[in-house]
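# Structural characterization, general
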Amino acid sequence: MMQAAIDHLKSQIQPTRAALLAHPVYSQINDFEGLKQFSKFHVFAVWDFMSLLKSLQIGLTCVTLPWLPVGSANTRFLINEIVTGEESDVDEKGNRISHFELYLSAMRQMGADTSKMDHLLNLLNSGSSIFDCIEAVDMPLQVKQFLKYTFEIAMYAPLHVKAAVFTFGREDLIPDMFTQILNKIYAAHPDKVSIFKYYIERHIEVDGGHHSELAIEMVAELCGDDKTKWEEATMAAVESLKIRAFLWDAVLS
């Protein structure tokens, strides 16, 4: 039952996923300046992914005192292992770092513009609500729509929907074409793109392999034999892929 449900979900999201992989943004990132522009807005997807992940950890494990066992130990293990990898991986020198901080480091090495991301973080540190902060930062409407959708899911959606969006809607879609372009840019600018190249390779290795398998297990466990939950999970995954296209539209424009 579980595998059949997962296969059905994947078949339902495939057309939307294929359209996203074929987005014209990838063909436009063909030089060093293009990569810098890409990272300027892609960084928001790297950052808000962590809030979606932590919302799952909050819902699937105990993060309050006194501690009490929550849900199944298998699901707790799945989400905690993913959090460990995302929040405290290693950089190219072997130092502990989150994937978001690694991405910022890559941007700074390239000389990419981090001002919009920095502005958002500063506003959040001042205590403003996430939705007010998103509105206050000067960035394209599509980026704001993308971020608002993520936080609406993270803050208000049921756990099986959050898990589906995390697993099937927020995998970082990196087609072979992008990897080939990145290798060419790195060959021309090794001293400016080495961290970004490491980030992408690490991301494919960790997130695209082991973490992807763990996340699918998590969705299956949360949806169980409930057909309604599987339908809701599928619809949310499709919608999140469509929203991701908004972000690529902003980069393209």
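As shown above, the structure is provided for reference.
These lines cover the structure that appears in this document, whether it is placed above or below. Everything quoted here is computed from the prediction, not taken from an experiment. (Residues numbered from 1 in each chain as written. Predicted model: local features only at pLDDT ≥ 70, side-chain atom pairs only at ≥ 80, totals over all residues. Heavy atoms only, no water.)

So, on to the packing of aromatic side chains. The geometry of an aromatic ring pair comes down to the distance between the two centres and the angle between the two planes. In this structure the tally under the stated criterion is 9 aromatic pairs. With 5.4 Å between their ring centres and 45 degrees between their planes, Phe 38 and Phe 178 make a pair best called tilted. Taken together, the residues Phe 38 in helix α3 (residues 32-60) and Phe 178 in helix α10 (residues 176-188) connect sequence positions 140 residues apart. Phe 38 sits in the buried class, given a relative accessible area of 3%. Judged by centre distance (5.5 Å) and plane angle (65 degrees), the rings of Tyr 103 and Phe 196 are edge-to-face. Here the residue Tyr 103 occupies a position in helix α5 (residues 99-110), and Phe 196 occupies one in helix α11 (residues 190-223), the gap between them amounting to 93 residues. Each member of the pair, Tyr 103 together with Phe 196, is buried. Each residue in the set Tyr 26, Phe 38, Phe 178 and Trp 248 is aromatic and connected to the rest through ring pairs, giving one cluster. The ring of Trp 248 is capped by Arg 244, whose NZ or CZ atom sits 4.7 Å from the centre of that ring. (Phe/Tyr/Trp six-rings, centres within 6.5 Å; stacked < 30°, edge-to-face > 60°. Helix = DSSP H or I, 4+ residues; strand = E, 2+ residues; numbered from the N terminus. Buried < 20%, exposed > 50% of the residue type's maximum accessible area, 1.4 Å probe, protein only. Lys NZ or Arg CZ within 6 Å of the ring centre and 35° of its normal.)

With that out of the way, let us pick up the packing of α3 against helix α8 (residues 141-156). Between α3 and α8, the shortest axis-to-axis distance is 9 Å and the interhelical angle comes to 10 degrees. By the criterion of interaxial angle, the relationship of α3 to α8 is roughly parallel. Residue-level inspection shows Phe 41, Phe 44, Ala 45, Trp 47, Asp 48, Ser 51, Leu 52 and Ser 55 of α3 in contact with α8, the latter providing Val 143, Phe 146, Leu 147, Thr 150, Phe 151, Ile 153 and Ala 154. For the contact of α3 with α8, a count of residues per class yields 11 nonpolar, 3 polar and 1 charged. (Axes fitted to C-alpha atoms, helices over the stretch in contact; angles between N-to-C directions. Parallel < 35°, antiparallel > 145°, perpendicular 65-115°, else oblique. Contact = heavy atoms within 4.5 Å. Nonpolar A, V, L, I, M, F, W, Y, C, P; charged D, E, K, R; others polar.)

Bringing the nonpolar core into the picture now. Counting 89 residues, the largest nonpolar core has Leu 35, Phe 38, Phe 44, Leu 147, Phe 166, Phe 196 and Met 218 as its most contacted members. No other element matches the 15 residues that α3 contributes to this core. Leave out the neighbours within four places in its chain, and Phe 196 touches Leu 35, Phe 38, Ser 39, Tyr 103, Ala 106, Gln 109, Met 110, Phe 178 and Leu 182. (Core = buried A, V, L, I, M, F, W, Y, C linked by side-chain atoms within 4.5 Å.)

Moving on: the environment of Leu 68. Position of Leu 68 relative to the elements: it lies in the loop between α3 and α4 (73-87). Residue class for Leu 68 comes out exposed when judged on its relative accessible area of 53%. With 20 residues separating them in the primary sequence, Leu 68 and Ser 88 have C-alpha atoms 25 Å apart.

What follows concerns α3. With 29 residues, α3 should cover 42 Å at 1.5 Å per step; its first-to-last C-alpha distance of 41 Å lies within 8% of that length. At Phe 41, α3 shows its largest bend, some 40 degrees. Taking burial as the measure, the 29 residues of α3 include 23 buried ones, the bulk of the element. (Expected span 1.5 Å × (residues − 1). Bend = angle between axes of the 7 residues up to and from the residue.)

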